[in-house]
Each structure stands twice: as C-alpha cells, then as structure tokens.
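What the coordinates show
Residues per chain are reported as follows:
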Amino acid sequence: MLSLFRITEVSAHCDLPCGVYDPAQARIEAESVKMICQKVADNDDPDFRVRATIIKEQRSELVKHHLWVLWTDYFKPPHFEKYPNLHVLFNEATKLAGASGTKGEFDVSVADELLAKIEEISTIFWETKNA
Amino acid sequence: MIPLPALVRVRGRSMLPTYRDGDVLLVVRGVRPRPGRAAVVRLPPDSSGRSRPLSVKRVTGPDPDAAGRWWVDSDNAAEGVTSSDVGSLDECDILAVVAGLVWRPLG
C-alpha cells in the first residue's frame, strides 16, 4: 500500500473521539464560577476582584466549551428527537455562561440558574447513557 | 526486507510544528524504527472497534516493559492519539520511517 508511485494519505488528526463524556466537567466549572461570585461579594481588595474577574471569565468560557462538546459530539439526532427541548436547554445554558450571564456578572443567582440548567442536561445525558 | 522508499501526504495538525497539513514526506519501509524519528504507523482500533487510519507519529523510544514494542507520540501536544491513549505499538505496526520532507504546499 505504501509506494513511491502513489502518495498515500497518513493521518495527523486529533479527531478520533475518545468517547468519554460527562456533564460533570461543565458543572464543576460552573460551581467554580458560583464560588468566585460569593468570594467577591465578601472582598473589597481591588487586586483580588481583578483576578476573580479574569478567572470567572475563563471558567465561564470553559463551561460553554464543555457544554458545546456534549451538544455537538455526544448527543446524536435520535437524542434530539426524544428530547425536543435539548437544543433550547443548551442554548439557554451557554447563554447563562456568556456575557449576559456569569461571564459578565457577579450574580450568584445567575450562577445557580446556570447550575440548574446543567443539571437538566445532565439528567437527560444519564438517561441516554443508561438507555 | 530490503529498504523501500514511498511517498505519503500528511493530513491534519497533530505533527505541527514539524509537519503541516499537505506536506509530502519520503518514507522508507523495511528499516527498524529509530527513537526520535517520525514514522508511519498502524494504530489499534478505537474503543468502538472502528479502525483508525494510517498515521504519522514520532517514535519516542522502546517500550521499557515489552521488548519489540515502541512508544509513539504526536509532535503537537494539543492534538493526536499517542501511546498514552493506545499503549505502545508492536514493531510490525511501525510501517515506515520518515526520511524527510519532499514537498510543502505554498502558503
């Protein structure tokens, strides 16, 4: 198959899914976001607040990343048929982690809403896993 | 087996910065794997049993726990299946050793 007269394609791709998925990744980052919001509420040190802001934005971005991986890589068309609200759930959850949500605010209640959405996704996830 | 040259084209980014998508490499079959050299390898099937395509990897060294087996890695730490994922490879799965870059697409 390897020859000097024909160029064989050899893969240097990463996209060989490992098949390991768990909504806990998104939840842990969201819990981190919530904790940062709580800590900032009790701390007036400007340096601390700047660091908290940066870390909270990074963690919020990670929440979105992990949710998107579940959305695009784990869930398949039959799942979306069975759970018609799944697309909306992901849309709402990633919005809650975005600039209009935990990324842009220090509101613990928004972080709680985000955690609740992740929990809803997680419930569906484990139902499909155990199906 | 006598050494036989062959040509392969790289697809993907897991060997960056050494080899880019589209690079054509001259490889040699029938020679022993050499630590530090890139090679064309056959990877074991994935967890669902689907076969993986022929791949280009860096042979990092002999498996200390199994004679005749080799550890492989990607040059791009952020991408690519490595021996950390699939374990060491049998020497018969190291199909060819990369001799060098023959041609690189412009741009």
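That block above? That's the structure.
Residues numbered from 1 in each chain as written. Chains lettered and ligands numbered in written order. Predicted model: local features only at pLDDT ≥ 70, side-chain atom pairs only at ≥ 80, totals over all residues.

What about the interface of chain B and chain A?
The extent of an interface is frequently quoted as the accessible surface area lost upon association of the parts. Threshold: Residue pairs are scored as contacts if the distance between their C-beta atoms, which are placed from the backbone, is within 7 Å. Helix numbering and strand numbering both begin at the N terminus, where a helix is a DSSP run of H or I of at least 4 residues and a strand a DSSP run of E of at least 2. Gly falls in the polar group here, along with every residue not listed as nonpolar (Ala, Val, Leu, Ile, Met, Phe, Trp, Tyr, Cys, Pro) or charged (Asp, Glu, Lys, Arg). Pairing between two strands is assigned when DSSP locates at least 2 bridges connecting them.
On the side of chain A, 13 residues touch chain B, which itself brings 29 residues to the contact. If you list the elements that add at least two residues to the side of chain B that touches chain A, you get strand 1 (4-12), strand 2 (24-29), strand 4 (55-62) and strand 7 (94-103) of chain B. With eight residues, the top contributor of residues to the side of chain B that touches chain A is strand 1 of chain B. Tallied by class, residues from the side of chain B that touches chain A come to 16 nonpolar, six polar and seven charged. In this sheet, strand 1 of chain B lies alongside strand 1 (residues 8-12) of chain A in parallel orientation, the contact comprising five bridges. Looking across to strand 1 of chain B, one finds that A:T8 is bridged to B:V8.

Describing unusual backbone geometry
The omega torsion across B:L16 and B:P17 is 5 degrees, close enough to zero to call that bond cis. Examined against the element boundaries, B:P17 turns out to sit in the loop between strand 1 and strand 2.

Thoughts on the packing of helix 2 (residues 46-74) of chain A against helix 4 (residues 86-96) of chain A
Residue and element names in this part refer to chain A. Using the following cut-off: Only the stretch in contact is used when a helix axis is fitted, and all axes are lines through C-alpha atoms; the angle between N-to-C directions ranges over 0 to 180 degrees. Roughly parallel means an angle under 35 degrees; roughly antiparallel, over 145; roughly perpendicular, 65 to 115; everything else is oblique. Helix crossings fall into two classes, left-handed where the near helix is turned counterclockwise from the far one by less than a right angle and right-handed where it is turned clockwise.
Packing of helix 2 against helix 4 brings their axes to within 9 Å, and their N-to-C directions diverge by 165 degrees. The orientation of helix 2 relative to helix 4 falls into the category roughly antiparallel. Seen along the crossing, helix 2 lies across helix 4 with a hand that is left-handed. Residues K64, L67, W68 and W71 of helix 2 form the contact with helix 4, whose own contacting residues are F90, A93 and T94.

Focus on the nonpolar core
Here is the rule we go by: To form a nonpolar core, buried Ala, Val, Leu, Ile, Met, Phe, Trp, Tyr and Cys residues must be joined through C-beta atoms within 7 Å. Exposure in this text rests on C-beta crowding, where 20 or more other C-beta atoms within 10 Å of a residue's own make it buried, 12 or fewer make it exposed, and counts in between make it partly exposed. The C-beta atoms are placed from the backbone.
Grouped together as the largest cluster of nonpolar side chains are 24 residues, with contacts concentrated most on B:V10, B:V27, B:A39, B:V40, B:V41, B:V56 and B:I94. Elements represented by at least two residues in this core include exactly strand 1 of chain A together with strand 1, strand 2, strand 3 (38-41), strand 4, strand 5 (69-73) and strand 7 of chain B. Aside from chain neighbours lying at most four places away, what touches B:V56 is A:V10, A:A12, B:V10, B:M15, B:Y19, B:A38, B:V40 and B:V98.

Things to note about the environment of A:F90
All names here are of chain A. Within the secondary structure, F90 is located in helix 4. Between the C-alpha atom of F90 and that of L70, which follows or precedes it by 20 residues, the distance is 9.2 Å. In contact with F90, not counting residues within four places along its chain, are L67, W71 and I121.

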